[in-house]
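Inside the fold
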Amino acid sequence: MSALKVLLVLVLVLLLLVTSSVAQEAGRITGIVVSATDGKPLAYANVLIVGTGLGTFVKENGRFVIDNVPPGTYTVKVMMMGYAAQTKENVVVRPNETTELKFELKETVVMEVPVVEVKGERPAVDTERTQTKRTIDTKEVAVRSINTVEDAIATQAGVVLEQGEIHIRGGRSGEVKQYVDGIQISDPFVGANSMELSLASLSEIEVLSGGFDAEYGNVQSGVINLKTREGGTRYSGLVKFMTDDYGAPDKTYFNYDDLAIGFGGPLFTTNLRFFASGEVVFTDTYLKTLEPRQQKQLWGFIKFRERQSNSYSGQCKLTYFFSPTKKLSLEYLASGEKYDFYHHAFSRVGYWSEVHDHWWFEPLDSTYSLYIAPAHTPDITNNHRSLKLVWRHTISPSSFYTVRVGNYTTLHKEVVLNKKPFEYVTPNFNDRVDPENRYFVVQGDYPHWQRYHTTMWTSKGDMTITKGTIHQVKFGAESHFYRLEMEDLLYPSLDSPRGIYTDIYRFHCWDMSAFIQDRIKFEGMNLRLGLRLDLFDPGRDAVDAYNRFVVSTGFKAKSTSFFKRTEWQISPRFGVSYPISERDALYFNYGRFYQIPRLEVLFQFLGQTEQGLLPFGNPLMDAETTIMYEVGIQHQFTSTIVGDIALFYKDIFGLTGTEPADLTEDSEFIQRYGPTATPVAYVNLDYGSVRGIEFKLTKRFSHHFQGSFTYTFSKATGSSSNELQGANVVSGAMDRAPITELPLDWDRNHVISANLYISEPGLWGCNIDWSYSSGVPYTPMLPREREVRAALINSERLPSRSVVNIKADKRYKIAGQEVSLFLEGRNILNRRNIATLSPGSWPGGSGNYVAYYTTEGRLGGAYDLGELLGLTEVIYIPLNDPRVYSPPRNFRVGISFDW
C-alpha cells in the first residue's frame, strides 16, 4: 500500500510541474447567416474569429458551428462574395457553453460596414449539459429587488437561505464553496465566512448544485462561481445610490444608505484595460440598539456617524492582451464589515445600584450608575483580502492552458469597546443579571474576546486539449497552503486575562489535488468522465499537539509520519447527456465528493496544556463524503419559454460530530477534573440523506415582459443538525443521541421563488418577486424542562415563510445617457415571518423561548416568574424579543446611472 501512495505522490507532483492550476474548458460559437433583404440563408459564407486561426463555412441551411473556442471575448467576422462583410465585437465565449449569433448581410459591391457591437445570447437549451448549472446575469437581476450576491443565489432552485447561511440541496452551510474566477474566497477556517463582493463588480454568478466536474474538489453540496467584470475597448461605468432616509431622523426605516460605483475601459492602449468598483452600505438594521455612536470626521470637513452595521467591498482588475491568444490579468479584491449585534439580554439602558441590588430606568439615589448594556456587546469586524494573477495562453486552435496564483486572507475580531482581555469586567451569573427577572444583564461585558487570522496561498493550473471532434481532454492540479492563528477567550478579566476557557494556537497545513476529465461527443450523446485525487496534510505540529493532549483523555495517540497523517481520496465523476432534439435534452450524472472538515474542528484547543471539558480538535479526521445521483431534462416550449426539471438523491456520511472518550478511573483526566468529567472530541460520526425534485420555468423578455418560476420539493434528514450533539448528551442537555434519521434544522420541504417583470424599454419598468417556503422543524419542550428528549427532536414544524418584494423604475435621458429613478419595497405585505424560534440568551439569564411557544403558541420568549419565586405554578412574563422575526416592511428610493 505504501508503494501505491508513493506512486500517487509522484503522479501528483508531476501534474503540478506540468501545469499548476485549473482553467476552463472551451466553448462554442454557433449562429446563422441570412440575407438582410429577404431573410434567406447564405450558404458557404466564410466565418472567422479575428486574430485566431479559428473559422468555418456556413452550411446550406445558413447555420455554422465553431467548436473548441477558448473562453474569452472575440471579434467575429462574416464575409461572402457580393455582400458587405459584417463584424461583431465583444462576443463572449464561456466555458462549456454555446454562444449564438445572427448575421444579416447586405448586398453590395464595395461598401464599408460599421462595426456592430453585440453580445451573444445563450441557446435556450444546452444539449451538452450534464449537470445542474444556474447562471445569473447581474444585469438581469438589476431590475429586481436583489442587492447582494446572497439574495441572487437564494432565488435559485434547491437553495435555502436560513439565518444568513446558504444550504444547497439539503447540505450543511459549510459544504458550499465560493470562487472568484477560479480562486477560492471561502474562509477555510470556519467554512461559511466568505468574502462579500458587490454586484457592481460582477458580470455573472454561476451556481452548480449537482454533477460537479472533476476539476472541483473539497466540496460536497454546491459551487458558486463569481465572474468579475473587466474593462472593454470603450469606457463604461455605473453609479447607484439607494436610501430609506427621507430627510429626518424620524422619517426612516432602518437608516439605510447604499452607494455603489464602477468604472472601466482602456488604459493608455486598448491592449491594457482596467475595471474598478466599490460599494459601501450603512444601516442601523431593523434590530437597532440604543448604543450611542461617536461622530467622526473624514478629510477634516466631512462629518459622519457610524451605523450599527457598516460594510464595504472593492475591486480593481487590470487585463493586458499581449496578443489575441495571450492574456494576463491581475486583480485585487477587498471586503469588510464592522457591526455590533442586537442581544435582547443586553438591550436595556438604565441605572444599577450594587448597594441596593436594584436596576431602574433612572437613578433613585447617588448609588445608581448608568449602564448602557448595548455598548457592552462585542464590535465584530471581518476583513477579507484577495490578490490573484491569471495567465491564459491559447497555444493552438486545439489546445490552451491557464495558470493561476492567489493569496486570500481573513482577519476576524470580536472585542467589547476596544478593550484588552484583562480590561474586561465579567462578573458571575448572579451578579450579572437583574435579580428581579434573571434575564436582563445589568453590569459587566459580554464575556467573549476573539481574534483569528487565516491566510491561504493558492496555485492552480490546467490544460485543455481537443482531439478531432470527439475528445476534449482537460487535466490539471491545484495546491493550497494554510496558516491559521487563533486567540479565543471566554470570560477574560483582570484576575484571569486568558479567561476560563482559552483557545490559542498557530498551525499550518496544506493540500494538493490533481484531476483529469474527458468530454466525449458521440452521435446523439455527450459523455463526461472524470477522476480526481485529493491529498490533505494537517501538519506534523498539529498531530504532535493532538498526541500530547489525548494521552490523558482515553483517546489513542496517532502516528506523525507523512503517510499516516495525510488523508488521500480518489473520486470518480460521470455525466451523460442525450440531445433528443434542438428543443429537448436529457442528462444524468453520478459523483463521489469529499470534503475535509472545516479547519476549526481540526485544531480547536490543541494549543493548550489544559483544555477542560469543551470539545477538542482532531487533525486526523477523515474527509466527509457525499454520493450524489441526478437525472434531469430540459425542454424549450417556445422561442422565449424554457423549462427544466431535475431529480436528485444524496447519501452523506462521515460528517463532523462529537463523541466522548471511554475513560478509566485512574486516567489523568478523571484525576484532574473529577469522576463525572468526560472529554469530548470531534470525530466522523454524523450521517444523512437528501432527496428531492427541482423545477424551473423561464420566460425571456418579449412582448414587454419576462419572468421565472422555480419550485423545489426536498427532504433533508440526518442523525444530527448540530455537530455538538454528542457533547450535549455528555453534558446532560440531551437524554440520548437519536437512533434514526430526523428532519434537519434547515429542512424546508416546499420552496417557491417567482418573479414577473413588465417594462417599456427605455421608459419604465416594474418587477415583483415572491418567495415562499414551508416551515422548518423544531423540537418542542415543556416548561422547566432542562433536557432535550431525543424522541421529540424536530418533531414539530414552524409556520411557513412568505415575502413579496417590488421594484419600479422610471428612466430618463440626460445628455444622451439613461438615468433611472427607482422605488424598492421589501416585504410589502408586512408579514411577520419567523427568523428563528430561539435566538438564545447566553450569557444573559434564563429566557425560555421554545417552551413558551410549545405551551402558549407565542413567540418572543418569556421568563418564568413562578420558578424565580420558588412556586410550582408556571408564570410566564413575556420578553418580546424582536430577534425571532424577520425584517418588517420597508421602502427605499434610489437613482442609478449606467453608461
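Here the structure is shown first, and the text comes after it.
Right, let's walk through the structure included here.

Calculation rules
- Residue positions are given per chain, counting from 1 as you read along its sequence in written order.
- Given that this is a predicted model, residues contribute local features only at a pLDDT of at least 70 and side-chain atom pairs are listed and counted only at 80 or more, while totals for whole chains, interfaces and linings are drawn from all residues.
- Each side-chain value is derived from all of the structure's non-hydrogen atoms; neither hydrogens nor water enter the calculation.
- For each residue, the accessible area found with a 1.4 Å probe, counting protein chains only, is set against the maximum for its type, and the residue is called buried under 20%, exposed over 50%, and partly exposed in between.
- Put simply, DSSP H or I for four residues or longer makes a helix, DSSP E for two residues or longer makes a strand, and each gets a number counted from the N terminus.
- Two strands pair under a simple rule: DSSP has to find at least two bridges between them.
- Put simply, a nonpolar core is a bunch of buried Ala, Val, Leu, Ile, Met, Phe, Trp, Tyr and Cys residues held in one set by side-chain atoms that sit within 4.5 Å of each other.
- Pairs of residues are marked as contacts when any of their non-hydrogen atoms sit within 4.5 Å.
- Two rings from Phe, Tyr or Trp (for Trp, the six-membered ring) form a pair when their centres are within 6.5 Å of each other. A pair whose planes differ by under 30 degrees is stacked, one over 60 is edge-to-face, and the rest are tilted.
- Geometry is summarised by axes, namely lines fitted to C-alpha atoms with helices restricted to the contacting stretch, and by angles between N-to-C directions that run from 0 to 180 degrees.

1. Observations regarding the pairing of strand 1 (residues 27–35)
The buried fraction of strand 1 is high, at 8 of 9 residues. The pairing of strand 1 with strand 4 (residues 63–69) spans 5 bridges and is antiparallel. The residue of strand 4 that forms the bridge with glycine 31 is phenylalanine 64.

2. Some remarks on the nonpolar core
Ile153, Ile205, Leu226, Leu599, Leu602, Phe603 and Phe616 are the most contacted members of the largest nonpolar core, which totals 50 residues. Sort the elements by how many residues they give to this core and helix 5 (residues 540–550) lands first, with 5 residues. With near-sequence residues (within four places) excluded, leucine 602 lies in contact with Phe536, Ile596, Pro597, Gly617, Asn618, Pro619 and Met621. Judged by nonpolar contacts, the second largest core, of 19 residues, contains Ile29, Ile66, Tyr74 and Val78.

3. Description of the packing of aromatic side chains
Under the definition given, this model contains 32 aromatic pairs. Pairing phenylalanine 189 with tyrosine 452 gives two aromatic rings, centres 4.8 Å apart and planes at 35°, and the pair type is tilted. Note that phenylalanine 189 is positioned in the loop between strand 13 (183–184) and strand 14 (202–210) and tyrosine 452 in strand 28 (residues 448–467), a separation of 263 residues in sequence. Given a relative accessible area of 2%, phenylalanine 189 falls into the buried group. Between phenylalanine 322 and tryptophan 391 the ring centres are 5.7 Å apart and the planes differ by 65°, which places this aromatic pair in the edge-to-face class. Remark: tryptophan 391 occurs in strand 26 (residues 379–396) and phenylalanine 322 occurs in strand 21 (residues 309–323); sequence separation between them is 69 residues. Taking relative accessible area as the criterion, phenylalanine 322 reaches 49% and is therefore assigned partly exposed.

4. Topic: the sheet that holds strand 4
Strands sit in the order 4-1-7 across an open sheet of 3 strands; the sheet is mixed. At either end of the open sheet lies a strand with only one pairing partner, and these are strand 4 and strand 7 (98–105). For this sheet, the mean angle separating the axes of adjacent strands, direction not counted, is 20°.

5. As for the sheet that holds strand 14
Reading across from one edge, 9-14-15-12-13 is the order of the 5 strands in this open sheet, with mixed pairing throughout. Edge positions in the sheet fall to strand 9 (132–137) and strand 13, since each has one partner strand and no second. Bridge count between strand 9 and strand 14: 6 bridges; the pairing is antiparallel. Each bridged residue has a counterpart across the sheet, and for threonine 135 the counterpart in strand 14 is glutamate 206.

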